[in-house]
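# A structural walkthrough
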Amino acid sequence: MDTLLLSRIQFGANISFHILFPTITIALGWMLLFFKLRFSATGDRKWMDAYMFWVKVFALSFAMGVVSGITMSFQFGTNWPGFMETVGNVAGPLLAYEIMTAFFLEAVFLGIMLFGASKVKSWVHTLATFLVAFGTTMSTFWIIVLNSWMHTPQGYELIDGVVHATNWFKIIFNPSMPYRFVHMMLASGLTVAFLIAGISALRMLWGDKGEDVKSALRVGIIAAAGLIPLQILAGDMHGLNTLEYQPAKVAAMEGNWETRSNVPLILFAIPDQENRTNHYEISIPNGASYILKHKAEGVVPGLNDFVAEDGTILHPRVSAVFFSFRIMIGTGVAMLLLSWAGVVMLRKYGAGHMPKLPLIAFSAMSFSGWIATLAGWYTTEIGRQPWLVQGVLSTKDAVSDVPAGMVLSTLIGYLVIYAALIIAYMGVITYLARKATRGEPLTSRQYPRGNTTDVPVLQPGE
Amino acid sequence: MDFFGDPAVWLPWAFASLMGLSILIYVVLDGFDLGVGLLMPLAQEDEKDGLVASIGPFWDANETWLVLAIGLLLVAFPPAHGVILTALYLPVFIMLVGLILRGVSFEMRAKAPIAQKPVWNAAFFAGSLMASLSQGFMLGMYVMGLTWTLPHVGFALLTAVFLTVGYSFIGAVWLIWKTGGELQKHAVRWAKGGMWGLILGIGSISLATPFVSTRIFDKWFSFPEIVYLSPLPILSGLLVVFLWVQLRRMPFENDRLSWTPFAAATALFTLAYCGMAYSFYPYVVPEKLTIYESASAAESLFIILLGTLFVLPAIIGYTVLSYYIFRGKATELRYD
């Protein structure tokens, strides 16, 4: 394997590992704020218990996200120097704004949010929780702006092969940005909804009868059931946007080789890029034309349009995009079915008396958001190839000339560490759940209500 | 954009200063975090939680200064970013792995089953060690002009050790400030033990830098520059003497002056850093690329600077707020 492919795998591995944790912290921050506000409003102890359990998961995920994010900022220089040299004038300010308006905000107030509850007034602590959640969302915004610009660049001019910004409004509000941002925020919401529902279900299976667990389960299921239709809608609109700006990606997602009307929706197939056809195809007639053009005769672009005269392939590797897309959709459908069934069960049995089967199903789906998120990102990012910045910079022109052996050895190093850390991370979350189930107290302090200002002093030995 | 003359001149200068400031803040702030990690094996079992508690609320934000520094290098001087990081590919990798291990084990040691705690304590130390050594190594390679020859690597290995011991020193003086009782007494002992690293580190780089490049030699040893610059070594010497005398007598009654070693160490780091900045200016890649040659387009830099003027004071403001909230001796880390 050459440096280009190894560098792509390395960047893919690093950013895949990284995105797992922001996907959790973005929405979990808001969920914690919700728990905290419910507690302030009702004074019901269960909300503080839920907060205390999930803030631990948040702290752990946040640390994982920070350390893996630092890796990303170095990877640009170590593996992709051509990226910043060509588009640095656009990417630079966006990254700088992310660090300055989001990174510091979340990092500093995280300390107060985690360890400051007994040192500051309750409203300051709530404010710190808000600022952390707000910071993670700002961070998402800037990163999505840059990523979307790489898919649908505008507001720039090329001078001597280097991109210069001409219109920042157009750069920030580039055509795919709103869709991608909404899609990602909803993805984070769904990931957290299923994580909370799943871990709560696991605790109930282990025999936890706490009020906080029942409430968390209810919140998780209702959030999931409410968000998933929104996500399907947002995903569909994002797809139409992609059809307009990156038709080759959509052609690969649909596994459609020839530009034509009455294109079927392929449920399963094995795309064969060599012979430019699909094997073992199972499809719904006219399905893709309906989804993309809203009529059976709708013309859908085909992959064969993206082959140059000399045979150079200008579309992404079909099988990678095709299967990633189906994994994402499949996970989404499973989420829809389970969460709506969950709502029916909630109405019928209440959170306290859920039958075993749905509890097992929810526990099994605890990390399903990760799978859908990764599959979705693979679809859109591999789908942009061979471009790094669509139509501006090709991936192979940005890679560094570091020897392949060096990239390979560091790649193996990263993979080993990431595998170990993911196992440790999932292990610790289940351990925390088990510990909480055994009834070990999450807090021994009488927590002050939102409107009281006196802060109890910690007793020695507490 | 041209209030201060040619923007192609003052903007790169402003960004080099901002980047330099971020690196300095990072070295001091994460220096004590990493230093505390390095001292873990020296601490008794029941002291380890105290060590971690002293940096608990801060380490995350401290590390962010590295992201800002590398981000500024990335956005303001893209070609230099590429040259420096590809030349330092391997040590950067080791540093990143170290930072990952350090940050993750910080959380894990408190949340994983008790039986696993020693493993995460060890990972916390190993991560801090990898990050410190690689940063020292990169410092040495940078001073030597980023060329991989045997003598250069040898020098870089030396600076790796010196910076690591230097970090353990600033970690120890941080502990003197933020802890009390037996742990504080131990910290005084560790600080005395680690001072040599700081002195040798600053000394070796000060001696080596002028001899790597005649340009730097002339910048230091010509008249009248040598007179203007003389406060730098003199003040550094005084600070070393002060630290030495102070540490021999510490801790004082009622915890008096327990902050002074940390302040002196910070001043020492700052002086050494200013000396380096003076030597290398205007180069961002030593003797190869100046900040003016490698700067991004003025329009883009201006957009960033505009935001920085509003955001940086806010960052500094709430950072100070955080240190104020967690002032005094470190207490047990609790979420409630």
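Note that the structure is predicted; figures quoted are calculated from it, not measured.

For chain A, the helix and strand inventory stands at 14 helices and six strands. Over its C-alpha trace chain A gives a radius of gyration of 24 Å, about what one expects of a compact globule, namely 23 Å for 462 residues. Considering only C-alpha atoms, chain A reaches an extent of 75 × 50 × 40 Å along its principal axes. Counting the 462 residues in chain A, one finds 60% classified as buried.

Inspection of the entire model under this criterion finds 44 aromatic pairs over all chains. Relative to Trp-54 of chain A, the ring of Phe-53 of chain A has its centre 5.1 Å away and its plane inclined at 85 degrees; by these criteria the two rings are edge-to-face. A residue is classified by how much of its surface remains accessible, and Phe-53 of chain A, at 2% relative accessible area, is buried. Assessed through its relative accessible area of 2%, Trp-54 of chain A is described here as buried. Ring pairs connect the aromatic residues Phe-17, Phe-21, Phe-367, Trp-370, Tyr-414, Tyr-418 and Tyr-425 of chain A together with Phe-93 of chain B, which therefore count as one cluster. For Arg-203 of chain A, the ring lying beneath its charged end belongs to Phe-53 of chain A, and the centroid distance is 4.7 Å. One cation-aromatic arrangement involves Arg-256 of chain B over Phe-252 of chain B; the distance from NZ or CZ to the ring centre is 5.4 Å.

All names here are of chain A. One finds Leu-28, Trp-54, Phe-83 and Tyr-425 to be the most contacted residues of the largest nonpolar core, which totals 217 residues. Ranked by residues supplied to this core, first place goes to helix 3 (residues 81–115) with 22 residues. Ignoring any residue separated from it by four or fewer positions in sequence, one finds Leu-28 in contact with Trp-54, Val-57, Phe-58, Val-192 and Ile-196.

Let us look at the confidence of the model for chain B. Overall, the prediction assigns chain B a mean pLDDT of 86, with 99% of residues at 70 or greater. Here helix 9 (residues 214–220) of chain B stands out as the least confident element of chain B, with mean pLDDT 83; helix 6 (residues 117–143) of chain B is the most confident, with 92.

What follows deals with the pattern of salt bridges. For the coordinates displayed, the defined rule picks out 13 salt bridges over all chains. The shortest N-O distance in the salt bridge between Glu-107 of chain B and Lys-111 of chain B comes to 2.5 Å. Taken together, the residues Glu-107 of chain B and Lys-111 of chain B, both in helix 5 (residues 89–111) and four residues apart, mark about one turn of the helix. The same class applies to Glu-107 of chain B as to Lys-111 of chain B, namely buried. In this structure, Glu-287 of chain B engages Arg-215 of chain B in a salt bridge whose closest nitrogen and oxygen atoms are separated by 3.0 Å. One end of the pair, Glu-287 of chain B, is in the loop between strand 1 (283–285) and strand 2 (289–290); the other, Arg-215 of chain B, is in helix 9, and 72 residues separate them in sequence. Given the relative accessible area of 22%, Arg-215 of chain B is considered partly exposed. Taken together, the shared-partner salt bridges in this structure form one network comprising Arg-203, Asp-208 and Asp-212 of chain A.

With 62 residues of chain B at the contact, the number on the chain A side is 70 residues. Buried area between chain B and chain A, summed over both chains or domains, comes out near 6,100 Å², and the portion from carbon and sulfur atoms is 79%. Our count for the contact surface shared by chain B and chain A stands at seven residue pairs in polar contact (both at pLDDT 80 or more). Of all the secondary structure elements, the ones that give two or more residues to the side of chain B that touches chain A are helix 3 (59–76), helix 4 (78–87), helix 5 and helix 14 (298–325) of chain B.

Turning our attention to unusual backbone geometry. The omega angle of the peptide bond from Gln-385 of chain A to Pro-386 of chain A is 0 degrees, so this bond is cis rather than trans. Within the element layout of this structure, Pro-386 of chain A appears in the loop between helix 12 (368–382) and strand 5 (387–389). A cis amide bond, omega 5 degrees, links Tyr-281 of chain B with the succeeding residue Pro-282 of chain B. Relative to the elements of secondary structure, Pro-282 of chain B occurs in the loop between helix 12 (260–280) and strand 1. Of note in this structure, Asn-262 of chain A is not a glycine but carries a positive phi near 50 degrees. In this structure, Asn-262 of chain A sits in the loop between helix 8 (247–254) and strand 3 (265–272).

Let's shift gears to the confidence of the model for chain A. Per-residue pLDDT for chain A has a mean of 88; in total, 95% of the residues score no lower than 70. Throughout residues 449–462 of chain A the model reports pLDDT below 50, and contacts reaching past four residues in sequence, or to other chains, amount to 19 contacts.

A few words now on the packing of helix 3 of chain B against helix 5 of chain B. All names here are of chain B. Interhelical geometry of helix 3 versus helix 5 gives an angle of 165 degrees and a closest axis separation of 12 Å. If you check the angle between helix 3 and helix 5, you find them roughly antiparallel. Remark: the crossing between helix 3 and helix 5 carries left-handed chirality. On helix 5, the residues touching Trp-59, Glu-63 and Leu-66 of helix 3 are Met-95, Leu-99, Arg-102, Gly-103 and Phe-106. Along the lines of polarity and charge, the residues of the contact of helix 3 with helix 5 split into five nonpolar, one polar and two charged.

Thresholds applied
Residues numbered from 1 in each chain as written. Chains lettered and ligands numbered in written order. Predicted model: local features only at pLDDT ≥ 70, side-chain atom pairs only at ≥ 80, totals over all residues. Heavy atoms only, no water. Helix = DSSP H or I, 4+ residues; strand = E, 2+ residues; numbered from the N terminus. Rg over C-alpha atoms; globule rule 2.2 N^0.38 Å. Buried < 20%, exposed > 50% of the residue type's maximum accessible area, 1.4 Å probe, protein only. Phe/Tyr/Trp six-rings, centres within 6.5 Å; stacked < 30°, edge-to-face > 60°. Lys NZ or Arg CZ within 6 Å of the ring centre and 35° of its normal. Core = buried A, V, L, I, M, F, W, Y, C linked by side-chain atoms within 4.5 Å. Contact = heavy atoms within 4.5 Å. pLDDT = per-residue confidence, 0-100. Salt bridge = Lys/Arg side-chain N within 4 Å of Asp/Glu carboxyl O. Buried area = accessible area lost by both parts, 1.4 Å probe. Polar contact = N/O pair within 3.5 Å; in protein donor to acceptor, adjacent residues only side chain to side chain. Axes fitted to C-alpha atoms, helices over the stretch in contact; angles between N-to-C directions. Parallel < 35°, antiparallel > 145°, perpendicular 65-115°, else oblique. Left-handed = near helix turned anticlockwise from the far one by under 90°. Nonpolar A, V, L, I, M, F, W, Y, C, P; charged D, E, K, R; others polar.

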